[in-house]
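These are the residues of each chain, in order.
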Amino acid sequence: MKTTNLAITAAVTGLIALGGTMLTAAPAHAAEKEKCYGVAKAGKNDCATKTSSCAGTAKEDSQKDAFVVVPKGLCGKLAGGSTESS
């Protein structure tokens, strides 16, 4: 009985440790992305705009308040791309 309890305790402890590692990795991954305004195609924006509350609701191509999330540093290389909303 003690061997079973020890094995279960070790397994649970391992899962908790692994879960903690995954939680700390998420912010680092998110930091490698940035919002890029003015490059989304109509209906392809990633999140709300000043004039709408949902993703996928940009009314026109290159709408200045609509963004897509891109790898950090890419936005400045895209024609019309800006990291700030107009």
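Our subject is the structure listed above.
None of these values were measured; they are calculated from a predicted model.

(A) The overall build of the protein, seen in detail. Assigned secondary structure in the protein consists of one helix and two strands. For the protein, with 86 residues in total, the buried portion stands at 19%. With the model as given, the accessible surface of the protein reaches about 6100 Å², and the carbon-plus-sulfur share is 64%.

(B) How the structure looks around the environment of leucine 78. In this fold, leucine 78 is placed in the segment after β2 (67-71). Measuring from C-alpha to C-alpha, the distance between leucine 78 and glycine 38 comes to 9.4 Å, with 40 residues separating the pair along the chain. Apart from the residues lying within four places of it in its own chain, the contact partners of leucine 78 are Cys36 and Val39.

(C) Inspection of unusual backbone geometry at higher detail. You will see that serine 62, though not glycine, has its phi angle at about 60°, which is positive. Structurally, serine 62 is set in the loop between β1 (33-37) and β2.

(D) Looking closely at the pattern of salt bridges. One pass over the structure, following the stated rule, counts one salt bridge. The partner of lysine 41 in a salt bridge is aspartate 61, with the nearest N and O atoms 4.0 Å apart. Of this pair, lysine 41 sits in the loop between β1 and β2 while aspartate 61 sits in the loop between β1 and β2, and the two are 20 residues apart along the sequence. Of the residues examined, aspartate 61 reaches a relative accessible area of 43% and is grouped as partly exposed.

(E) View of the nonpolar core. If you look at the biggest cluster of nonpolar residues, it comprises seven residues: Cys36, Ala40, Ala58, Ala66, Val68, Val70 and Cys75. Setting aside residues up to four positions removed in sequence, cysteine 75 forms contacts with Glu34, Lys35, Cys36, Tyr37, Val70, Gly81, Ser82 and Thr83.

(F) Region of interest: the state of the cysteines. With the rule as written, the count across this model stands at one disulfide. The residue that forms a disulfide with cysteine 36 is cysteine 75, at a sulfur-sulfur distance of 2.1 Å. The sign of the 75° torsion about the S-S bond sets the cysteine 36-cysteine 75 disulfide as right-handed. Of this pair, cysteine 36 sits in strand β1 while cysteine 75 is found in the segment after β2, placing the two residues 39 residues apart along the sequence. The same class applies to cysteine 36 and to cysteine 75, which are both buried. The structure places no disulfide on cysteine 47, whose sulfur is separated from the nearest cysteine sulfur, that of cysteine 54, by 8.8 Å. Taking relative accessible area as the criterion, cysteine 47 reaches 39% and is therefore assigned partly exposed. In this structure cysteine 54 comes out as partly exposed when scored by relative accessible area, which is 42%.

What counts, and where the lines are drawn
Residues numbered from 1 in each chain as written. Predicted model: local features only at pLDDT ≥ 70, side-chain atom pairs only at ≥ 80, totals over all residues. Heavy atoms only, no water. Helix = DSSP H or I, 4+ residues; strand = E, 2+ residues; numbered from the N terminus. Buried < 20%, exposed > 50% of the residue type's maximum accessible area, 1.4 Å probe, protein only. Areas by Shrake-Rupley, 256 points an atom, 1.4 Å probe, with all protein chains shown as cover. Contact = heavy atoms within 4.5 Å. Salt bridge = Lys/Arg side-chain N within 4 Å of Asp/Glu carboxyl O. Core = buried A, V, L, I, M, F, W, Y, C linked by side-chain atoms within 4.5 Å. Disulfide = S-S within 2.5 Å.

Keep in mind these numbers describe shape, not what the thing actually does.
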